[in-house]
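The residues making up each chain are set out below.
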Amino acid sequence: MGSSPIPGTRGPGAFLGLVFGYHAPLNFLINFSKEEAMRNSLWLVAVLALSSFGFSLAQNTRQDTVYSSISVNQMEGILKAAGYTYARKKYDNGGQYFQITIGKFDKVFLDFYHCQDGYCTDVGISAGFTMKNPPTIDVVNKYNYDYRFSKGYLDDVGAAWVDMDLDLQGGVTQAAIRAWLARFEAALKDFTKAIGFE
């Protein structure tokens, strides 16, 4: 008497058993019609594709670093990855900052605040504009009233500035930092239009 295969160890049933961890016999699939087998095959492909997408999405989510403080080197990596043109500079007191080009503006400054051991919990980005006919305080106040996330002001010599801060305490993802930079790019356009800078 010849030996017969153990149920569920060969054919499409065995494959599904490997994928989904089934231990019960699945040889009933062998008796499917061609149409039924085709439908089951398409269903299996769809399930595997969705599983692969979910795994990939989870991996991408885990890969986004969360910062509760940031170093100059880490910020430089973010600027470089986002494609910004920038120069790394130092103040007289040794503190470092970036001068960034955003669109047609080449004097945008990214500064670091509340730093300890090379890591800072706050960053700020700003740009200033010296004009022959500077805006009045009312114009700047109207900008602040109309726009929520950035802040406009006049300095001691009448130059108009716009800035935006980001507090990293509590945790901020790299994607959020890049979104903050993009939001400031939009704020530059809004502010220069509001004060009449061309």
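Thresholds applied
Residues numbered from 1 in each chain as written. Predicted model: local features only at pLDDT ≥ 70, side-chain atom pairs only at ≥ 80, totals over all residues. Heavy atoms only, no water. Disulfide = S-S within 2.5 Å. Helix = DSSP H or I, 4+ residues; strand = E, 2+ residues; numbered from the N terminus. Buried < 20%, exposed > 50% of the residue type's maximum accessible area, 1.4 Å probe, protein only. Lys, Arg positive; Asp, Glu negative; His and termini not counted. Salt bridge = Lys/Arg side-chain N within 4 Å of Asp/Glu carboxyl O. Polar contact = N/O pair within 3.5 Å; in protein donor to acceptor, adjacent residues only side chain to side chain. Contact = heavy atoms within 4.5 Å. Core = buried A, V, L, I, M, F, W, Y, C linked by side-chain atoms within 4.5 Å. Pairing = 2+ DSSP bridges.

Engineer: Whenever I open this one, the state of the cysteines confuses me. Can you help?
Structural biologist: Covalent bonding between the sulfur atoms of two cysteines is what defines a disulfide. Tallied over the full model, the rule gives 1 disulfide. Shown here is the disulfide that connects Cys115 with Cys120, its sulfur atoms set 1.9 Å apart. One disulfide, between Cys115 and Cys120, carries an S-S torsion of 105° and so falls in the right-handed class.

Engineer: Before we go on, may I ask you to explain the side chain of Asp122 in this structure?
Structural biologist: By secondary structure assignment, the location of Asp122 is in strand β5 (residues 119-129). No salt bridge is formed by the buried Asp122, whose closest oppositely charged neighbour, Lys151, lies at an N-O distance of 12 Å. Side-chain polar atoms of Asp122 contact the side chain of His114, separated by 2.6 Å. Dropping the residues within four chain positions of it, Asp122 is found in contact with Asp111, Phe112, Tyr113, His114, Leu166, Asp167, Leu168 and Gln169.

Engineer: Can you walk me through the environment of Tyr113 in this structure?
Structural biologist: Its place among the elements puts Tyr113 in strand β4 (residues 105-116). Owing to a relative accessible area of 39%, Tyr113 belongs among the partly exposed residues under this scheme. Separated by 10 residues in the primary sequence, Tyr113 and Val123 place their C-alpha atoms 5.9 Å from one another.

Engineer: Whenever I open this one, the nonpolar core confuses me. Can you help?
Structural biologist: If you look at soluble globular proteins, the nonpolar side chains tend to sit buried side by side. With 35 residues, the main nonpolar core has Leu110, Ile177 and Phe184 as its most contacted residues. For this core, the secondary-structure elements that each account for two or more residues are α3 (72-82), β3 (96-102), β4, β5, β7 (160-167) and α5 (174-195). Element by element, the count of residues in this core is highest for α5, at 8 residues. Excluding its chain neighbours within four sequence positions, the residues that come into contact with Ile177 are Tyr67, Ile70, Met75, Ile78, Leu166, Leu168 and Val172.

Engineer: Just checking my understanding: could you explain the pattern of salt bridges for this structure?
Structural biologist: If charged atoms from side chains of opposite charge come close, those side chains can pair. With the rule as written, the count across this model stands at 3 salt bridges. Note that Asp146 is salt-bridged to Lys142, the shortest N-O span being 2.8 Å. Taken together, the positions of Asp146 and Lys142, both in helix α4 (residues 137-146) and 4 residues apart, correspond to about one turn of that helix. With relative accessibility at 40%, the residue Asp146 sits in the partly exposed group. By relative accessible area, Lys142 is classed as exposed at 52%. Residue Asp163 is joined to Lys151 by a salt bridge in which the shortest nitrogen-to-oxygen separation is 3.9 Å. Of the two residues, Asp163 sits in strand β7 while Lys151 sits in strand β6 (residues 151-154), which places them 12 residues apart along the sequence.

Engineer: Is there a simple way to explain the pairing of β3 in this structure?
Structural biologist: It is a general feature of regular strands that their side chains alternate between the two faces of the sheet. Judged by how many residues are buried, β3 sits mostly within the fold: 5 of 7 residues are covered. Where strand β2 (residues 85-90) meets β3, 6 bridges bridge the pair, whose relative direction is antiparallel. Of the residues in β3, the one forming a bridge with Lys90 is Gln96. In sequence, β2 turns back onto β3 through a hairpin of 5 residues, with Gly94 there showing a positive phi of about 95°. Relative to β4, β3 runs antiparallel, the two sharing 4 bridges. Paired with Phe98 across the two strands is Leu110, which belongs to β4. Where β3 folds back on β4, the antiparallel hairpin that results is connected by 2 residues, among which Gly103 adopts a positive phi of roughly 65°.

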